[in-house]
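So the chains spell out like this:
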There are 2 protein chains.
Amino acid sequence: MPLAQRLSNVETSAIRELFKLLGKPGIISFAGGFPDSALFDVPGIQAAVNAALAQNPGAALQYGATEGHPPLREQLATFMQSKGVQGVSPDQLIVTTGSQQALDLLGKTLVDPGSKAIVEGPTFLATIQCFRLYGADLVSAPIDGQGVDVDRLEQLIAEHKPRFVYLIPTFGNPSGALLSLERRKRVLELAVRTQTLIIEDDPYGDLYFDAPPPPSLLALSHEVPGSRDWLVHCGSLSKVLSPGLRVGWMVAPPDLLGKATMCKQFSDAHTSTFAQATAAQYLAGGHMPATLARVRQVYGQRAGVMVDALRRELGDAIDFVAPQGGLFVWARLTGAGGKLADGAALAQRAIEQGVAFVPGAPFFCANPDPSTLRLSFATVGEDKIREGIARLAQALG
Amino acid sequence: MPLAQRLSNVETSAIRELFKLLGKPGIISFAGGFPDSALFDVPGIQAAVNAALAQNPGAALQYGATEGHPPLREQLATFMQSKGVQGVSPDQLIVTTGSQQALDLLGKTLVDPGSKAIVEGPTFLATIQCFRLYGADLVSAPIDGQGVDVDRLEQLIAEHKPRFVYLIPTFGNPSGALLSLERRKRVLELAVRTQTLIIEDDPYGDLYFDAPPPPSLLALSHEVPGSRDWLVHCGSLSKVLSPGLRVGWMVAPPDLLGKATMCKQFSDAHTSTFAQATAAQYLAGGHMPATLARVRQVYGQRAGVMVDALRRELGDAIDFVAPQGGLFVWARLTGAGGKLADGAALAQRAIEQGVAFVPGAPFFCANPDPSTLRLSFATVGEDKIREGIARLAQALG
């Protein structure tokens, strides 16, 4: 049976293979990329679905507009306002089936076979695969603890004239990096000056530990004239409320939003109205601030425990920037003292010691750094984090 | 901003424009393609979501497998067994975000720009657009009241060597046609003999009025050796339970299913586990037989009223086969007595008379028959159906 050419652009991920090993009893896993189920506000979600089915069961269970359930679009506009975004009305966003679908719709709308696009190195693995399935030729822009290197990004834009630049400016996956305020402004100015579309993926921005991060590119866009015309913003309830709802959203310039909506119509007609109506009731019910406060507190504490344990147990064999939010510590094995400096090799040894993480190399679309690794602290209790990092130190030898 | 080439393959649908007129007060609409919200089993769905959140809230709200929520895959396999399908295990199906997503994944997996594919003339509009977005070159196979003309289909397969043939064998949208048992067997034999993939889209098969229809192609496949290797079956809970859940599924040969699953991973990660867990509880709770009995009875009665009214009011100006299931009457204006024989022109006049329907021409990927129209009886009460058809007769003059 002949398959579409585009399938040859993508291979089954090495990470998926690793995940098969996680069933081993007693494994402490830092490999996940998901929030802790124990933190889900089940009573709040139950109350929200009850309200949705009581108030307008037809709307919660019937077909709905491809653009999204109107009450949810209103709530999401209000939610963004609460985070400093100015002037986004409900009709300037569409609801997507998780922010993964926003990426898919952007790929479908913007990418031809061979189209250039710039992503961070490292970046979210499913982004790489998603855009490559549409034939994108990805270019890797280097990052440091302050996010993407804007000078280098400017050179890459000039060199490759990409269809777009995809960034996770706030607590990126896997990097945990936080793009500085100064760089954020420079990215927006660069977008206007070079007429290059910037895609801001922002699933983690609400998960800060102490001080809030700088405003999102979307929130900053009113300070940089013209930048809203070159900016797409993807949001998600997955990391803060529930991934299982599959509710994300996308803000984009009107023409692009219209084309993405048409693509969505033929992708899944619309996102579950049952989930959308539930999410709308949840937001309208005012539960979100307390939920955010709780997850920030728990993840912040777990991050602190992991950072301390890594420093204590691994010392100068590992190098990392302590995350200020999100779900991940991104680290590099230094090879100090002649120790192992290969993430994939360490991952194998670590499994034998009863601890799992994801090696960093697959997160690069080009020029992988094999010494890197991603450790998630989100779903592991504090004692288990200490134990897991001690096992990691043993694996490193 | 340069957009992907594929967007130029698809235009905004004429039907969407028509739908904007439906807000006019007092309009009786036969234009919809959706089930009646008043028939949704709200208490049953409320009980199902309560059970899902009580029994395993983590699974209902967390990320899940791309293939689908395991309890739902089991329930869907059992549901298909109850409809005569033999030997489909849960791992031979994946859950999709409505059956629309199954079409999208098939397009992504199978269609290159210029790939030939055969669809019925007429067929589901969103199918045409979905496959064209991937660059498909669609070929139209003629149908009659017994479904697709298999002799002609065989010629078209020989001539075009398509990547696949897409059929809605049971109460098709818009045709309402029912593929006969004899033709079903011939289609399966043709698939094996010509090594051509057949996609059976089956959202309406449960909505029969009197006698059950012939078995689905999937159910018949065990009678035609080798045919399961050339058969994809798409199912949906949208028309029988709730479109808003966005729960569909796809059965396919293992290799193809694996590739479609990979594509789904980068399309939306997975279908809402919240909706999937609810649907699984609903099916496990044994509510479906009573729900099916109720919707069959109501739609059957409405269909009968519409058929009688059409014959009484429009006489020989209209020609149609009375539907035996589904949501639609598909009709042709004969022009008898010098009356209007153009569906689009009649649609305009009908709106002025306070009744709406969808002209048939857009449902053809080629060689449209402008005399056709689609009338849905699903969401209109019996008295309003009589009144609406009387208005239609006035519009026809």
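Residues numbered from 1 in each chain as written. Chains lettered and ligands numbered in written order. Predicted model: local features only at pLDDT ≥ 70, side-chain atom pairs only at ≥ 80, totals over all residues.

## Observations regarding the overall build of chain A
Thought 1: The number of helices and strands found in chain A is 14 helices and 14 strands.
Thought 2: In terms of overall dimensions, chain A is globule-like: its C-alpha atoms have a radius of gyration of 21 Å, near the 21 Å expected for 397 residues.
Thought 3: Principal-axis analysis of the C-alpha atoms gives chain A an extent of 60 × 55 × 50 Å.
Thought 4: A buried classification covers 57% of the 397 residues belonging to chain A. (Helix = DSSP H or I, 4+ residues; strand = E, 2+ residues; numbered from the N terminus. Rg over C-alpha atoms; globule rule 2.2 N^0.38 Å. Buried ≥ 20, exposed ≤ 12 C-beta atoms within 10 Å, placed from the backbone.)

## Some remarks on the sheet that holds strand β3 (residues 116-121) of chain A
All names here are of chain A.
Thought 1: On the basis of which strands lie adjacent, the open sheet formed by eight strands has the order β2-β9-β8-β7-β6-β3-β4-β5 and mixed pairing. Edge strands, defined here as strands with exactly one partner in the open sheet, are β2 (93-97) and β5 (147-148).
Thought 2: Here two bridges tie strand β4 (residues 137-144) to β5, and the two strands are oriented antiparallel to one another. Directly across from I143, in β5, lies its bridge partner V148.
Thought 3: In the packing of helix α10 (residues 254-268) onto the sheet, contacts are made with β2, β8 (231-236) and β9 (247-251), and the angle to β2 comes to roughly 30°. (Pairing = 2+ DSSP bridges. Contact = placed C-beta atoms within 7 Å. Axes fitted to C-alpha atoms, helices over the stretch in contact; angles between N-to-C directions.)

## Points about the interface of chain B and chain A
Thought 1: Every contact between the two is made by 57 residues of chain B and, on the other side, 57 residues of chain A.
Thought 2: The dominant element in the side of chain B that touches chain A, judged by the number of residues it contributes, is helix α10 (residues 254-268) of chain B, at eight residues.
Thought 3: Of the residues contributing to the side of chain B that touches chain A, the split by class is 31 nonpolar, 19 polar and seven charged. (Nonpolar A, V, L, I, M, F, W, Y, C, P; charged D, E, K, R; others polar.)

## What about the relation of the copies chain B and chain A?
Thought 1: Rotating chain B by 180° about the axis while translating it 0.0 Å along that axis superimposes it on chain A, leaving an RMSD of 0.0 Å. Such a combination of rotation and displacement between the chain copies is what one expects of a two-fold axis.
Thought 2: Taken together, the interface assignments show that 100% of the residues at the interface of chain B recur at the interface of chain A, consistent with an identical surface on both copies. (Least-squares fit on C-alpha atoms with pLDDT ≥ 70 in both.)

## Topic: helix α2 (residues 42-55) of chain B
Thought 1: A rise of 1.5 Å per residue sets the reference length of α2 of chain B, with its 14 residues, at 20 Å; its end C-alpha atoms lie 20 Å apart and thus fit the reference within 8%.
Thought 2: Turning to α2 of chain B, its buried residues number three or more, namely I45, A48, V49, A52 and L53 of chain B. Down the axis of α2 of chain B, the smallest arc covering the buried residues is 125°, so these residues share one side. Of the residues in α2 of chain B, the exposed ones pointing more than 90 degrees away from the buried face are P43, A54 and Q55 of chain B.
Thought 3: On the buried face of α2 of chain B, the contacting elements are α2 (42-55) and α3 (57-61) of chain A together with α3 (57-61) and α11 (273-284) of chain B. (Expected span 1.5 Å × (residues − 1). Arc of directions from axis to C-beta.)

## Let's talk about the domain arrangement of chain A
Residue and element names in this part refer to chain A.
Thought 1: Domain annotation for chain A reports domain 1 (5-40 + 290-396) and domain 2 (63-286).
Thought 2: Distance between the C-alpha centres of domain 1 and domain 2: 25 Å.
Thought 3: On the domain 2 side, the residues contacting the 33 residues of domain 1 number 32 residues.
Thought 4: Among the elements of the structure, α12 (288-314) and β11 (328-333) are those that each provide at least two residues to the side of domain 1 that touches domain 2.
Thought 5: Tallied by class, residues from the side of domain 1 that touches domain 2 come to 20 nonpolar, ten polar and three charged. (Domains from an automatic or database assignment.)

## What about the packing of helix α6 (residues 125-133) of chain A against α10 of chain B?
Thought 1: As a packed pair, α6 of chain A and α10 of chain B sit with axes 9 Å apart at the nearest point and diverge in direction by 115°. As far as their axial angle goes, α10 of chain B and α6 of chain A are roughly perpendicular. Handedness of the crossing formed by α6 of chain A with α10 of chain B: left-handed. Side by side, α6 of chain A and α10 of chain B meet where A126, Q129, C130 and L133 of chain A of the first sit next to C263, Q265 and F266 of chain B of the second.
Thought 2: Grouping the amino acids of the contact of α6 of chain A with α10 of chain B by side-chain chemistry returns five nonpolar, two polar and no charged. (Parallel < 35°, antiparallel > 145°, perpendicular 65-115°, else oblique. Left-handed = near helix turned anticlockwise from the far one by under 90°.)

## Topic: the sheet that holds strand β4 (residues 137-144) of chain B
All names here are of chain B.
Thought 1: With mixed pairing, the eight strands of this open sheet are ordered in space as β2-β9-β8-β7-β6-β3-β4-β5. Each end of this open sheet is capped by a strand with a single partner; those strands are β2 (93-97) and β5 (147-148).
Thought 2: Where strand β8 (residues 231-236) and strand β9 (residues 247-251) come together, four bridges link them in antiparallel fashion. Bridge pairing in β9 places C234 opposite M250.

## Examining the packing of helix α5 (residues 98-110) of chain B against helix α6 (residues 125-133) of chain B
Residues and elements named next belong to chain B.
Thought 1: Following both chains from N to C, one finds α5 and α6 inclined at 30°, their axes separated by 9 Å at the closest point. With respect to each other, α5 and α6 are oriented roughly parallel. Considering only the axes of α5 and α6, their crossing is right-handed. For the pair α5 and α6, the contacting residues are Q100, L103, D104 and G107 in the first and A126, T127, C130, F131 and L133 in the second.
Thought 2: Here the residues of the contact of α5 with α6 are counted per class, giving five nonpolar, three polar and one charged.

## Quick look at the pairing of β2 of chain B
On any regular strand, side chains alternate: one points to one face of the sheet, the next to the other face.
Residues and elements named next belong to chain B.
Thought 1: In terms of burial, β2 is a largely internal element, five of the five residues being buried.
Thought 2: Side chains L93, V95 and T97 project from β2 onto one buried face, and the interleaved I94 and T96 project onto a second face that is buried too.
Thought 3: Both β2 and β9 contribute to a ladder of five bridges, which runs antiparallel. Pairing of I94 across the sheet is with M250, part of β9.

## Some details on unusual backbone geometry
Note: most peptide bonds trans; most residues except glycine with negative phi.
Thought 1: P174 of chain A follows N173 of chain A through a cis peptide bond whose omega is 10°.
Thought 2: Structurally, P174 of chain A can be placed in the loop between β6 (164-167) and α8 (181-194).
Thought 3: Residue F171 of chain B is not a glycine yet carries a positive backbone phi of 55°.
Thought 4: Note that F171 of chain B resides in the loop between β6 (164-167) and α8 (181-194).
Thought 5: Classification of F171 of chain B by C-beta neighbours within 10 Å gives buried; the count is 26.
Thought 6: With phi around 50°, Q195 of chain B is a residue other than glycine that occupies positive phi space.
Thought 7: Relative to the helices and strands, Q195 of chain B resides in the loop between α8 and β7 (197-201).

## Regarding the pairing of β9 of chain A
Thought 1: Most of β9 of chain A is tucked away, with five of its five residues classed as buried.
Thought 2: Across the two faces of β9 of chain A the burial is the same, with V247, W249 and V251 of chain A and G248 and M250 of chain A all buried.

## Some details on α11 of chain B
Thought 1: The terminal C-alpha atoms of α11 of chain B lie 16 Å apart, and with twelve residues this matches the ideal 16 Å at 1.5 Å per residue to within 8%.
Thought 2: Inspection of α11 of chain B places T273, F274, A275, Q276, A277, T278, A279, A280, Q281, Y282 and L283 of chain B among the buried residues, and these make up the whole buried set.

## Examining the environment of G58 of chain B
Thought 1: Relative to the elements of secondary structure, G58 of chain B occurs in helix α3.
Thought 2: With 216 residues separating them along the chain, G58 of chain B and F274 of chain B place their C-alpha atoms 9.8 Å apart.

## What to know about the confidence of the model for chain A
Thought 1: A residue-level look at chain A finds 97% of positions with pLDDT of 70 or above and a mean pLDDT of 96.
Thought 2: Interface confidence in the predicted complex, given as ipTM, is 0.97; pTM for the same model is 0.97. (pLDDT = per-residue confidence, 0-100.)

## Some thoughts on the environment of D41 of chain B
All names here are of chain B.
Thought 1: Residue placement: D41 occurs in the loop between β1 (28-29) and α2.
Thought 2: Expressed as a C-alpha distance, the spacing of D41 and P57, which sit 16 residues apart in the sequence, is 22 Å.
Thought 3: Excluding residues within four positions of it along the chain, D41 makes contact with H287 and T291.

## Things to note about the environment of M262 of chain B
Thought 1: Tracing the chain through its elements places M262 of chain B in helix α10.
Thought 2: Using a count of 22 C-beta atoms within 10 Å as the deciding quantity, one classes M262 of chain B as buried.

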